[in-house]
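This is what each chain is made of:
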Amino acid sequence: MTTPASLLHSKAFLSLLAIDEAVQRALNEDLGRAGDITSIATIPEATQAHAVLIARQAGVIAGLPLAVAVFQKLSPDINIQAHFRDGGTVASGVHVLTISGPARAVLAGERTALNFVGRLSGIATLTSDYVRHTAGTKLRICCTRKTTPGLRALEKYAVRCGGGFNHRFGLDDAILIKDNHVAVAGGVRPVLQRARAHVGHLVKIEIEVDTMAQLREVLDSGLADVVLLDNMDIATLTEAVKLANGRVVLEASGGVTLQSIAKIAKTGVDYVSCGALTHSAPNFDVALDIDA
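Residues numbered from 1 in each chain as written. Predicted model: local features only at pLDDT ≥ 70, side-chain atom pairs only at ≥ 80, totals over all residues. Heavy atoms only, no water.

Colleague: How should the sheet that holds strand 9 (residues 226-230) be read in this particular structure?
Modeller: By definition, the strands of a sheet pair up through backbone hydrogen bonds, in either a parallel or an antiparallel sense. On the basis of which strands lie adjacent, the open sheet formed by six strands has the order 6-11-10-9-8-7 and parallel pairing. In this open sheet, the two strands that pair with only one neighbour each are strand 6 (140-142) and strand 7 (175-177). The sheet shows a mean angle of 25° between the axes of neighbouring strands, direction not considered. As judged from the three bridges shared by strand 6 and strand 11 (residues 271-273), these two strands associate in the parallel manner. Bridge pairing links Arg-140 to Tyr-271 in strand 11. Across the face of the sheet, helix 9 (residues 212-221) comes into contact with strand 8 (205-209) and strand 9 while running at roughly 155° to strand 8. Sheet strands in contact with helix 10 (residues 234-244) are strand 9 and strand 10 (249-253), and its direction is about 165° off that of strand 10. (Pairing = 2+ DSSP bridges. Helix = DSSP H or I, 4+ residues; strand = E, 2+ residues; numbered from the N terminus. Axes fitted to C-alpha atoms, helices over the stretch in contact; angles between N-to-C directions. Contact = heavy atoms within 4.5 Å.)

Colleague: Explanation requested: the nonpolar core in the structure shown.
Modeller: Side chains that are nonpolar tend, in soluble globular proteins, to be buried together. Formed by 89 residues in total, the largest nonpolar core has its most connected members in Leu-97, Leu-192, Ile-207 and Leu-229. A total of 12 residues in this core trace back to one element, the largest contributor, which is helix 5 (residues 103-132). Ignoring any residue separated from it by four or fewer positions in sequence, one finds Leu-229 in contact with Val-209, Leu-215, Leu-237, Ala-240, Leu-250, Glu-251, Ala-252, Ser-253 and Val-269. (Core = buried A, V, L, I, M, F, W, Y, C linked by side-chain atoms within 4.5 Å. Buried < 20%, exposed > 50% of the residue type's maximum accessible area, 1.4 Å probe, protein only.)

Colleague: What is the right way to look at the pattern of salt bridges in this model?
Modeller: Pairs may arise between side chains of opposite charge once their charged atoms sit close together. Following the criterion strictly, the structure yields nine salt bridges and no others. The salt bridge partner of Asp-289 is Arg-56, with a shortest N-O separation of 3.8 Å. Here Asp-289 is found in strand 12 (residues 286-290), whereas its partner Arg-56 is found in the loop between strand 1 (48-55) and strand 2 (59-60), with 233 residues between them in sequence. You can call Arg-56 partly exposed: its relative accessible area is 45%. (Salt bridge = Lys/Arg side-chain N within 4 Å of Asp/Glu carboxyl O.)

Colleague: Which parts of the structure should I look at to understand the packing of aromatic side chains?
Modeller: For any pair of aromatic rings, geometry is given as the distance between the ring centres together with the angle between the planes. Applying the stated criterion to the full structure yields zero aromatic pairs. A cation over an aromatic ring shows up here: Arg-140 above the ring of Phe-165, its NZ or CZ 4.0 Å from the ring centre. (Phe/Tyr/Trp six-rings, centres within 6.5 Å; stacked < 30°, edge-to-face > 60°. Lys NZ or Arg CZ within 6 Å of the ring centre and 35° of its normal.)

Colleague: Can you help me understand the pairing of strand 1 in this one?
Modeller: The element strand 1 is extensively covered by neighbouring structure, given that six of its eight residues are classed as buried. Inspection of the sheet shows strand 1 paired to strand 12 by five bridges, in the antiparallel sense. What sits directly across from Val-52, in strand 12, is Asp-289.

Colleague: Quick question: what am I supposed to make of the sheet that holds strand 12 here?
Modeller: Here four strands make up an open sheet; going across it, the order is 3-5-1-12 and the pairing antiparallel. Each end of this open sheet is capped by a strand with a single partner; those strands are strand 3 (79-82) and strand 12. Averaged over all pairs of adjacent strands, the angle between their axes in this sheet comes to 15°, without regard to strand direction. Contacts from helix 4 (residues 64-74) reach strand 3, strand 5 (95-102) and strand 12 within the one sheet, and its direction differs from that of strand 5 by about 10°.

Colleague: Hey, could you run me through the pairing of strand 5 in this one?
Modeller: Along any regular strand the residues' side chains alternate between the sheet's two faces. Burial of strand 5 is extensive: six of the eight residues sit out of reach of the surface. Here seven bridges tie strand 1 to strand 5, and the two strands are oriented antiparallel to one another. Looking across to strand 5, one finds that Ala-51 is bridged to Ile-99.

Colleague: When you look at the packing of helix 2 (residues 16-31) against helix 5 in this model, what are you seeing that I'm missing?
Modeller: A pair of packed helices is captured by two measures, namely the crossing angle of their axes and the spacing between those axes. Two elements in contact, helix 2 and helix 5, have axes separated by 10 Å at closest approach and are oriented at 130°. With respect to their mutual orientation, helix 2 and helix 5 come out oblique. Along this stretch, helix 2 crosses helix 5, giving a crossing that reads as right-handed. Where helix 2 approaches helix 5, its residues Ala-22, Val-23, Ala-26, Leu-27, Asp-30 and Leu-31 are matched on the opposing element by Ala-108, Arg-111, Thr-112 and Phe-116. (Parallel < 35°, antiparallel > 145°, perpendicular 65-115°, else oblique. Left-handed = near helix turned anticlockwise from the far one by under 90°.)

Colleague: Just to check I follow, could you spell out helix 9 for this structure?
Modeller: Along helix 9, the positions that sit buried rather than exposed are Met-212, Leu-215, Val-218, Leu-219 and Ser-221. Of the surrounding secondary structure, the elements contacted by the buried residues of helix 9 are helix 8 (188-198), strand 8, strand 9 and helix 10. Looking one or two residues past helix 9, Gly-222 carries a phi angle of roughly 65°, positive in sign.

Colleague: What am I meant to see in the environment of Leu-31 here?
Modeller: Note on placement: Leu-31 falls in helix 2. Linking Leu-31 and Ala-105, residues 74 residues apart in sequence, is a C-alpha distance of 11 Å. Every residue in contact with Leu-31, bar those within four places of it in the chain, is listed here: Asp-36, Leu-74 and Ala-108.

Colleague: Looking at this structure, I do not really get unusual backbone geometry. What am I missing?
Modeller: Across residues other than glycine, the phi torsion is negative in most instances, and most of the peptide bonds are trans. Of note, the phi angle at Asn-231 is positive, near 55°, even though the residue is not glycine. Looking at the secondary structure, you find Asn-231 in the loop between strand 9 and helix 10. Exposure remark for Asn-231: the relative accessible area of 54% places this residue in the exposed category.

Written out as structure tokens, the structure is:
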């Protein structure tokens, strides 16, 4: 039996509770107070339908567990056959899911299911493009908190489906000291001292720097675990890697594009965080066709 759990990417993180919550919220939004009045008015209750979810472009598929959850929540009598699992590479024109059951439920769930798969597959596909440009290096591509409000867990999951990695999920799971924190706290060393005095032994401390002088100050303090190198050009990133010499983890961020990622990877930094993975991923083209 096809279930949401059976289609999750084996190396990505997404709670079944998060799937259920997102699907319920999306269906509430679409079905409103009266349900799908078009289908109720035009389709006899006992009518059955057979449909296929088709990929209309090549890429990395993601969001299938949510699509399955959408249809199964609308009717326990819907039968779904999955031809791929999240994280799989699909060609244009292939059938991703085969769906059979009450026609009203199939039609009511169509747009919500496609919205999830289109959005998450777009993120996974773009992420895989970035990852491909880093082949042969140690660099890991990470997402950021620049996500759609309410969909962060899903979008970060899609990044994993595309071969990327997750940065922090929120303000509560790691310390990231940005330039404004440094300015308000009175400098690099004071802000690091305060952070180190407050955190437990399992909480990492990362600090953002935008000059080599700030990086030297961080390294001299010995109080940071990770340094975010903000908007530095390739020459400066290369110099920063040499200066750090493995004493801290280095993350590059700011203005990262598909055109620049390969050059950044060759500098030797450990991570790149890229907001474009989630805020600028184009929608993946998928469709639901009734197979008469």
